[in-house]
Amino acid sequence: MKRPFVFVVSFYAIGLLPGALFKPPPVVLFAISFLTLALVFAVPRFRPILLCALLALAGWTNLALRTAPISPRDLRGLIGDSSVTAAVRGTLAQTPQIKISQRKGNETEHTTAQVHVAEIRTTGDWEAADGEVIVWTPGLLSTNFFAGQPVEIAGTLARPPPPVAEGLFDDREYLRTRGIFYELRTKSAADWHLGDPALSAPPLTDRFLNWSKQTLAIGLPEDGTLRLLWAMTLGWHTAFTGDVGDPFLRAGTMHMFAIDGLRIALITGIFVSLLRVLRLPRAWCGAISVPAIWFYTAATGWEPSAVRASVMMTIVLGGWSLKRPGDLLNSLAAAAFLILAWDPRQLFEASFQLSFFVMLTIGLLLPKLNDLVDRLLQHDPLLPAELISKPRRVMTQALRWLGRYFSLSLAAWVGSIPLSALYFHLFSTVSPVANIIAVPLGTFALMANLGALICGTWLPWATTLFNDAAWFFMAAMTGVSEWFTEIPCAYFYVAAPSWITVGIFYAVLLIALSGWLKTAAARISFAVALALIAAFYFVRWESARAETDLTVLPLDGGHAVFAQSAGLDNDWLIDCGSQESVNWTVKPFLRAHGINKVPRLALTEGDSKNCGGAFELQKDMGIGELWTSPVHFRSAAYNRIIAMSKKPPLKHKLFISGDDNGAWSALWPAARNHFSRADDNALVLRGHFPGATVLLLSDLSPTGQLGLLSCTNDLRADIVVAGLPTQGQPLCDALADAIQPKLIVIADSDFPPQRRANETLKYRLKERGVPVIYTQESGAVKIVVNKEGWTAQTMDGQRVFGIKN
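Reading the values: rules and limits
Residues numbered from 1 in each chain as written. Predicted model: local features only at pLDDT ≥ 70, side-chain atom pairs only at ≥ 80, totals over all residues. Heavy atoms only, no water. Helix = DSSP H or I, 4+ residues; strand = E, 2+ residues; numbered from the N terminus. Expected span 1.5 Å × (residues − 1). Buried < 20%, exposed > 50% of the residue type's maximum accessible area, 1.4 Å probe, protein only. Contact = heavy atoms within 4.5 Å. Phe/Tyr/Trp six-rings, centres within 6.5 Å; stacked < 30°, edge-to-face > 60°. Lys NZ or Arg CZ within 6 Å of the ring centre and 35° of its normal. Core = buried A, V, L, I, M, F, W, Y, C linked by side-chain atoms within 4.5 Å. Axes fitted to C-alpha atoms, helices over the stretch in contact; angles between N-to-C directions. Parallel < 35°, antiparallel > 145°, perpendicular 65-115°, else oblique. Nonpolar A, V, L, I, M, F, W, Y, C, P; charged D, E, K, R; others polar. Left-handed = near helix turned anticlockwise from the far one by under 90°.

## Digging into helix H10 (residues 282-299)
Then, in step 1: End to end, H10 covers 25 Å across 18 residues, agreeing with the expected 26 Å (1.5 Å per residue, within 8%).
Then, in step 2: Listing the buried residues of H10 in full gives Cys-285, Gly-286, Ser-289, Val-290, Ile-293, Tyr-296, Thr-297, Ala-298 and Ala-299.
Then, in step 3: Looking one or two residues beyond H10, the residue adopting positive phi is Gly-301, at roughly 95 degrees.

Have a look at this one:
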């Protein structure tokens with residue numbers, strides 16, 4: 001067998017897929033595995049099939065052992081899904097990391113740390129426990145807390161919260177793939193205490209990192225460029241605050257800051273090149289470079305991506321050192337098998353998938369692209385080589401090098417397309433070209449940083465020179481990335497594809513590039529399969545065109561509603577929340593749904609909790625049309641966006657009571673209204689869709705509710721969405737009687753406390769006998785309407801159905 005590890009890892013990984021969905025007891029999987037092993041020896045006729053099944057069962061069993069709560073001390077058995085005030089004792093699995101976030105233009109710091117828990121106390125005595133928790137603490141900790149240090153920490157222990165809305169980052173799922181099921185939130189650093197016996201000095205890797213940061217800062221100001229150098233060379237993730245990483249993501253150059261295969265390959269290449277210059281043999285080059293790679297991996301915090309890359313490079317470099325013939329795909333499969341055998345949960349991490357699928361695509365596509373480049377630059381075969389002029393030979397060689405370099409960048413880009421869309425909701429059209437310039441600049445910066453670390457403090461003049469060079473190359477790489485993102489159509493935000501789509505993409509790529517289409521019959525079958533896939537997606541597209549999706553987003557004190565129908569002309573964002581809500585929730589949500597520009601924004605009233613982020617939304621995404629009621633509000637945020645709408649390209653239009661715009665009708669306020677409070681004049685919209693009618697009340701006050709009742713006799717709707725007014729309650733009994741809803745959505749929020757629905761409101765609405773959803777408890781509510789009726793689903797799993805009358 002030419003590539004045995006490809007066969008082994010393929011069936012092993014196949015076994016991990018059902019393991020993520022079905023979780024039988026490990027003892028059952030062990031029994032089936034041993035039975036299959038016995039059949040391998042007992043039934044030689046079916047041995048190949050049974051071996052494949054045994055590999056799959058091995059993967060499934062290994063995953064079950066890693067994820068099942070086997071120990072009676074497991075935190076999942078002790079705590080369950082409850083939230084408790086607890087103190088834990090354990091050991092720091094890693095040195096606490098500083099996270100910097102920006103709120104209201106100010107930087108705030110908090111610290112995160114992973115702790116392996118050995119004991120827990122909730123109400124009584126300490127009891128033995130086992131599990132990993134992530135600890136969140138406002139502010140900074142003292143330098144006495146580092147990896148390996150025993151600690152005692154008090155706080156609130158609970159499951160990580162799910163994302164507020166579909167498409168936002170799922171911290172709970174991310175931590176679960178790393179074996180962390182709980183987070184402990186503390187009030188301050190005072191909740192941390194050293195355990196016994198406390199360690200006096202941090203580990204060697206921590207001391208090396210601190211020394212490296214100081215060395216790389218010699219002669220440089222502590223600015224954003226220096227932080228990026230720390231991030232690229234040392235894996236210091238604190239550098240990426242606010243929107244710092246956006247240009248690199250959009251240009252497709254963000255991988256330069258990950259301790260991944262490219263970084264490890266660059267460092268290995270630098271080490272090996274230096275050693276070869278010293279005329280050391282291959283064996284010595286490998287013997288020195290492999291430990292150096294693993295020390296670098298340890299120094300940067302044992303990041304999973306760094307460990308994967310180091311395993312891969314150890315295999316490749318080991319074969320090269322021993323002068324063994326190499327095979328990229330077999331080496332890649334061997335590295336994947338070793339990693340998944342050690343920790344099968346890594347298969348479900350984005351970085352693992354990106355690393356191996358990109359390398360797989362490079363291994364399959366790059367040889368074909370290189371052959372194409374060689375054919376395009378091939379000289380006339382009938383022309384003797386000595387008759388080709390030297391300038392032409394030099395030009396051809398330069399073009400061949402550039403073509404092969406571009407082919408590598410193109411192959412990596414092709415391999416990353418579906419996963420970039422899935423995890424980052426991005427499709428970058430400039431990535432292959434941007435990386436041609438950015439990667440050499442990043443490489444030079446990395447080489448300069450390594451030179452600075454070698455010179456250290458004993459050659460300060462050389463260290464300063466290397467640091468200046470590194471700063472220049474990093475600033476140039478940043479400028480190149482930013483410049484490429486300013487090119488029209490350089491990138492697009494796209495909706496995340498399904499796993500079926502991702503699987504089909506890589507299956508088609510694998511079949512097309514692996515040599516399976518050499519016969520006419522294979523090519524015909526492949527064409528038929530592509531036609532069936534196209535038909536499948538056409539049917540899905542037609543079905544989606546008949547649906548309208550409405551998402552109610554709970555924001556800090558306010559709420560927004562995003563209505564999406566077939567075609568951008570029917571998309572509406574109704575309110576956008578405060579500036580913080582736009583930055584943290586609304587923009588990520590819209591981009592996760594493939595929205596690059598807001599076609600229409602309707603502001604229902606002037607309170608900053610509903611419209612305060614409109615200016616930010618216009619600046620970062622753009623707004624096609626701004627719709628408001630004719631009522632004037634005194635809010636500064638509201639008037640700021642109104643003033644901006646007087647200048648192109650933003651257009652300001654009025655939604656007057658009685659007007660229709662597409663599926664939406666304005667019911668309130670009338671142009672003559674002059675109520676004193678903002679929520680007395682909140683814009684009320686009703687949407688008419690083939691399967692349901694939806695009424696949006698915004699934060700309409702009791703006074704406004706009575707005014708609405710006096711204006712019209714027709715308020716019936718299947719679904720009503722209401723926020724909390726500043727005073728009084730939403731949806732008074734008379735208004736609810738007039739609407740006669742089949743579902744009530746109360747858009748309240750956890751913060752501030754006065755924006756939570758009180759028990760009086762909950763009791764009154766419960767008496768109506770219709771389903772009521774509170775977004776403070778449920779998260780976002782997605783309502784799907786089609787010609788047959790409607791379905792409402794919340795982020796916490798509630799589902800409500802309605803059938804068209």
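## Describing the side chain of Thr-36
Then, in step 1: Here Thr-36 shows up in helix H2 (residues 26-42).
Then, in step 2: Discounting residues that sit within four places of it in the chain, Thr-36 has contacts with Leu-50, Ala-53, Leu-54 and Leu-57.

## Brief notes about the packing of aromatic side chains
Then, in step 1: Taken as a whole, this structure holds 26 aromatic pairs when the rule is applied.
Then, in step 2: Ring centres 5.3 Å apart and planes at 50 degrees place the aromatic pair Phe-444 and Phe-473 in the tilted group. Of the two residues, Phe-444 sits in helix H15 (residues 431-455) while Phe-473 sits in helix H16 (residues 460-485), which places them 29 residues apart along the sequence.
Then, in step 3: By relative accessible area, Phe-444 is classed as partly exposed at 39%.
Then, in step 4: Here the aromatic rings of Phe-562 and Phe-589 are separated by 6.0 Å at their centres, their planes lie at 85 degrees, and the arrangement is edge-to-face. Separated by 27 residues along the polypeptide, Phe-562 in strand E11 (residues 559-564) and Phe-589 in helix H19 (residues 579-592) bring together distant segments of the chain.
Then, in step 5: On the basis of relative accessibility, which here comes to 3%, the residue Phe-562 falls in the buried class.
Then, in step 6: Owing to a relative accessible area of 1%, Phe-589 belongs among the buried residues under this scheme.
Then, in step 7: Chaining the aromatic ring pairs together yields one cluster made of Phe-5, Tyr-12 and Phe-337.
Then, in step 8: The residue whose ring lies beneath Arg-66 is Trp-342, and the NZ or CZ to ring-centre distance is 5.9 Å.

## A few points about the nonpolar core
Then, in step 1: Membership of the largest hydrophobic core comes to 45 residues, with the highest contact counts inside it found for Met-232, Phe-257, Met-474 and Met-477.
Then, in step 2: Elements supplying a minimum of two residues to this core: helix H6 (204-216), helix H7 (224-234), helix H8 (246-251), helix H9 (261-277), H10, helix H11 (304-321), H15 and H16.
Then, in step 3: Among the elements that make up this core, the one with the highest residue count is H15 (eleven residues).

## Some words on the packing of H6 against H10
Then, in step 1: With their axes 9 Å apart at the nearest point, H6 and H10 run at an angle of 85 degrees to one another. On the basis of the axis angle, H6 is roughly perpendicular to H10. Contacts from Leu-204, Thr-205, Phe-208 and Leu-209 of H6 reach H10 at Phe-295, Ala-298 and Ala-299.
Then, in step 2: Along the lines of polarity and charge, the residues of the contact of H6 with H10 split into six nonpolar, one polar and no charged.

## Topic: the packing of H6 against H7
Angle between the axes and distance between the axes: these two values describe a pair of packed helices.
Then, in step 1: It is at 10 Å that the axes of H6 and H7 come closest, and there the two elements cross at 140 degrees. One element, H6, and the other, H7, form an angle in the oblique class. Taken as a pair, H6 and H7 cross one another with a handedness that is right-handed. Along its contact with H6, which presents Leu-209, Ser-212, Lys-213 and Leu-216, the element H7 presents Leu-226, Trp-230, Thr-233 and Leu-234.

## Side note on unusual backbone geometry
Then, in step 1: A cis amide bond links Asp-196 with the next residue in sequence, Pro-197, at an omega value of 0 degrees.
Then, in step 2: Looking at the element boundaries, Pro-197 is found in the loop between strand E7 (192-194) and H6.
Then, in step 3: Of the consecutive residues Pro-648 and Pro-649, the connecting peptide bond is found in the cis state with omega at 10 degrees.
Then, in step 4: With respect to the helices and strands, the residue Pro-649 is situated in the loop between helix H22 (636-644) and strand E15 (651-654).
Then, in step 5: A positive phi is found at Ser-698, a non-glycine position, where the angle reads about 55 degrees.
Then, in step 6: Structurally, Ser-698 can be placed in the loop between strand E19 (692-696) and helix H23 (702-711).
Then, in step 7: The residue Leu-731 is not glycine, and still its phi comes out positive at about 55 degrees.

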